[in-house]
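Chain residues, written in single-letter form:
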Amino acid sequence: MITRKSTLICLMTICSLGTIAQPKKAQPSKMDKFVTTLLARMTLDEKIGQLNLPAIGFDVTGPILSQGVEGKIEKGLVGGVFNTFTPNAVRKLQELAVTKTRLKIPLLFGYDVIHGHKTIFPMPIALSATWNLPLIQQTARAAAEEASADGLNWVFSPMVDIARDPRWGRVAEGAGEDTWLGSQIATAMVKGYQGDDLSLNNTVLACVKHFALYGAAEGGRDYNTVDMSERKMMETYLPPYKAAVDAGAGSVMSSFNEINGTPAAASGALLTDLLRKKWGFKGLVATDYTAIVELTKHGIGDVPEAGRQALIAGNDMDMVSEIYINELKKLVQAKKLDVAYIDLACRRVLEAKYKLGLFDDPYRYVNEDRAANEIMNAEKLALSKRAAAESIVLLKTTTCCRLTSNRRSPLLARWCRTSAT
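Residues numbered from 1 in each chain as written. Predicted model: local features only at pLDDT ≥ 70, side-chain atom pairs only at ≥ 80, totals over all residues. Heavy atoms only, no water.

**Student:** What exactly am I supposed to notice about the sheet that holds strand S3 (residues 108–111) here?
**Tutor:** The pairing of strands in a sheet happens through backbone hydrogen bonds and is either parallel or antiparallel. Strand order in the open sheet formed by six strands is S2-S3-S4-S5-S6-S9, and the pairing between neighbours is parallel. What marks the edges here is a single partner per strand, and that holds for strand S2 (80–82) and strand S9 (284–286). (Pairing = 2+ DSSP bridges. Helix = DSSP H or I, 4+ residues; strand = E, 2+ residues; numbered from the N terminus.)

Encoded structure:
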């Protein structure tokens, strides 16, 4: 017989169990509070400005050079700069950001530190031939120490694209064709660049590239299409990116190529559903050089539509195209873009700067003494020599064995006899 008392006990039990089962609401971190407060103070123009990544400085690595960058920095329309380094050059631009702008938000400074900064290590394809993961991590650590001493806080490395077509022109930037080895090297390099604490002035934000399948372009043609089964993607090409994310990589670069008909830089399935929701990536996504404007060549639509789709897909920073600062505000005003997408992208940029300690000290990577002591010092040069020695690979072939008795080429015969011993 069910009494009123027993019913009350049952309800109390159910309620208590429901209370226990509910997870506690996570308290916002110090970073969350800081960024949320800063976002609340920002205008729409200032938020969009944080998403702009122009290129000026010492190297030309793409088809377009940004114009009027210093003026845009003063207006708060730049979030980071590509290709500028040295303490002197970085300080000048950083001073514009923290003294001339309303909110004094510091800049990111990124560069292609592919295989060392000033001290040059073997190309990644050569380093992979060492099969020496601690050594590879050491080279990335040395590169981070040197780059950060030269004013940089963001490196566009490691490139973890699996490459199995020797016609592709960027094979040398990656670890080659093996998925397992590529994944291990991705982990080692991220740990070498970022260390255990990004706020230290000798660590840099790693940028994993190019997401995704850039090395699988048809015919080895750069920027070309990729047509691939889901199984091959998951088993062969995606694991190195996943390994880098699991190692804590702070940023990812989207790639130029399309995948099964959809450009990677406009793929929400890739940049949001897979990278963020499934893999749990919490960092910053930047496009490759002028990738957003090149979406128009993929048939995405006109320039404003390319910018809209790139942002919604999950690209936080626009490298060089400047479509974000030219088009996003107009899209919001025309009610074609929800400002929440801009807020989210801006948050990720600000979080990267917070993790690097730039809000505490915008000049933490600007130190002439560190540059003099760290760049091309004896320890790094010795490490470079060791890495070069371990990366050398000689192949012994039956053809070479036959040549040991070649009378027409005694020098070649001597080399073959020596290499065979």
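There's more to say after this.
**Student:** I'm lost on empty space enclosed by the protein in this one. Help?
**Tutor:** Across all of its chains, the model carries four cavities of 30 Å³ or more by this definition. The calculated volume of the largest cavity comes to roughly 140 Å³. Considering the residues around the largest cavity, the lining is formed by 19 residues, among which Met159, Gly174, Ala175, Ile185 and Met189 are closest to the centre. Secondary-structure elements contributing two or more residues to the lining of the largest cavity are helix H6 (124–128) and helix H8 (179–194). Element by element, the count of residues in the lining of the largest cavity is highest for H8, at four residues. The residue inventory of the lining of the largest cavity, partitioned by class, reads eleven nonpolar, five polar and three charged. Roughly 50 Å³ of internal volume is contained in the second largest cavity. What lines the second largest cavity is simply Ile114, His115, Gly116, Phe121, Pro124, Leu127, Thr139, Ala140, Ala143, Met189 and Tyr193. When contributions to the lining of the second largest cavity are tallied by element, the ones reaching two or more residues are H6, helix H7 (133–149) and H8. With three residues, the top contributor of residues to the lining of the second largest cavity is H7. Among the residues making up the lining of the second largest cavity, the classes are represented as eight nonpolar, three polar and no charged. (1 Å grid on protein atoms, 1.4 Å probe; cavity = no way out; pocket = protein on both sides within 12 Å on 5 of 7 lines; lining within 4 Å. Points joined across faces, edges and corners; volume = space filled by probe spheres on them. Nonpolar A, V, L, I, M, F, W, Y, C, P; charged D, E, K, R; others polar.)

**Student:** What am I meant to see in the packing of H7 against helix H17 (residues 378–391) here?
**Tutor:** Packed helices, taken two at a time, are described by the angle between their axes plus the distance between the axes. Packing of H7 against H17 brings their axes to within 11 Å, and their N-to-C directions diverge by 145°. Seen along the crossing, H7 lies across H17 with a hand that is left-handed. Note on element contacts: H17 touches H7 through Lys380, Leu383, Arg386, Ala387 and Glu390, opposite Leu135, Gln138, Thr139, Ala142, Glu145 and Glu146. Of the residues in the contact of H7 with H17, the class split is four nonpolar, two polar and five charged. (Axes fitted to C-alpha atoms, helices over the stretch in contact; angles between N-to-C directions. Left-handed = near helix turned anticlockwise from the far one by under 90°. Contact = heavy atoms within 4.5 Å.)

**Student:** Sorry, what's going on with helix H13 (residues 303–313) here?
**Tutor:** The periodicity of an α-helix, 3.6 residues per turn, causes residues three or four positions apart to be oriented the same way. The complete set of buried residues in H13 reads Ala306, Gly307, Ala310, Leu311 and Ala313. Taken down its axis, H13 places every buried residue within 165° of arc, on the same side. Of the surrounding secondary structure, the elements contacted by the buried residues of H13 are helix H11 (268–278), helix H12 (291–294), helix H14 (323–333) and helix H15 (339–355). For H13, the N-terminal capping position is held by Asp302, with its side-chain oxygen 3.0 Å away from the main-chain nitrogen of Glu305. Just past H13, the residue Gly314 takes up positive phi, approximately 130°. (Buried < 20%, exposed > 50% of the residue type's maximum accessible area, 1.4 Å probe, protein only. Arc of directions from axis to C-beta. Polar contact = N/O pair within 3.5 Å; in protein donor to acceptor, adjacent residues only side chain to side chain.)

**Student:** Mind showing me how you'd approach unusual backbone geometry here?
**Tutor:** Backbone phi values are negative for most residues with the exception of glycine, while trans is the configuration of most peptide bonds. His210 follows Lys209 through a cis peptide bond whose omega is -5°. Here His210 shows up in strand S5 (residues 205–211). The amide bond that connects Phe211 to the next residue, Ala212, takes the cis arrangement and shows omega of 10°. Inspection of the secondary structure puts Ala212 in the loop between S5 and helix H9 (230–237). We note that Asn83 has phi near 85°; this positive angle belongs to a residue other than glycine. Among the structural elements, Asn83 can be located in the loop between S2 and helix H5 (87–100). For Asn83, a relative accessible area of 0% corresponds to the buried category. The phi dihedral of Thr290 is positive, around 60°, even though this residue is not glycine. Since its relative accessible area comes to 1%, Thr290 is described here as buried.

**Student:** So what exactly am I meant to see when it comes to the layout of surface pockets here?
**Tutor:** Over the atoms rolls a probe the size of a water molecule, and in doing so it shows where empty space is left. Volume-wise, the largest pocket comes out at about 240 Å³. Lining the largest pocket we find Leu213, Glu230, Met233, Met234, Leu238, Ile259, Asn260, Thr262, Ser267, Ala269, Leu270 and Leu274. Sorting the residues of the lining of the largest pocket by element identifies H9 and H11 as the ones contributing at least two each.

**Student:** So what exactly am I meant to see when it comes to the pairing of S5 here?
**Tutor:** In the case of a regular strand, side chains alternate between the two sheet surfaces. Most of S5 sits out of view: seven of its seven residues are buried. Examined bridge by bridge, strand S4 (residues 154–155) and S5 share two bridges and lie parallel to one another. The residue bridging Trp154 from the neighbouring strand is Leu205, located in S5. Taking the sense of rotation as the criterion, the β-α-β connection linking S4, H8 and S5 turns out right-handed. Here S5 runs beside strand S6 (residues 251–254); their pairing, made up of three bridges, is parallel. Opposite Phe211, over in S6, you have Ser254 as the bridge partner. (Right-handed = clockwise from strand over helix to strand, strands pointing away.)

**Student:** Teacher, can you tell me more about the pattern of salt bridges here?
**Tutor:** Note on pairing: side chains with opposite charge can pair once their charged atoms come close. Counting across every chain of the model gives 20 salt bridges. We note a salt bridge from Arg276 to Asp316, for which the minimum N-O separation is 3.0 Å. With Arg276 in helix H11 and Asp316 in the loop between H13 and strand S10 (318–319), the pair connects residues that are 40 residues apart, well separated along the chain. Between Glu327 and Lys330 there is a salt bridge, and its shortest N-O distance comes to 3.5 Å. (Salt bridge = Lys/Arg side-chain N within 4 Å of Asp/Glu carboxyl O.)

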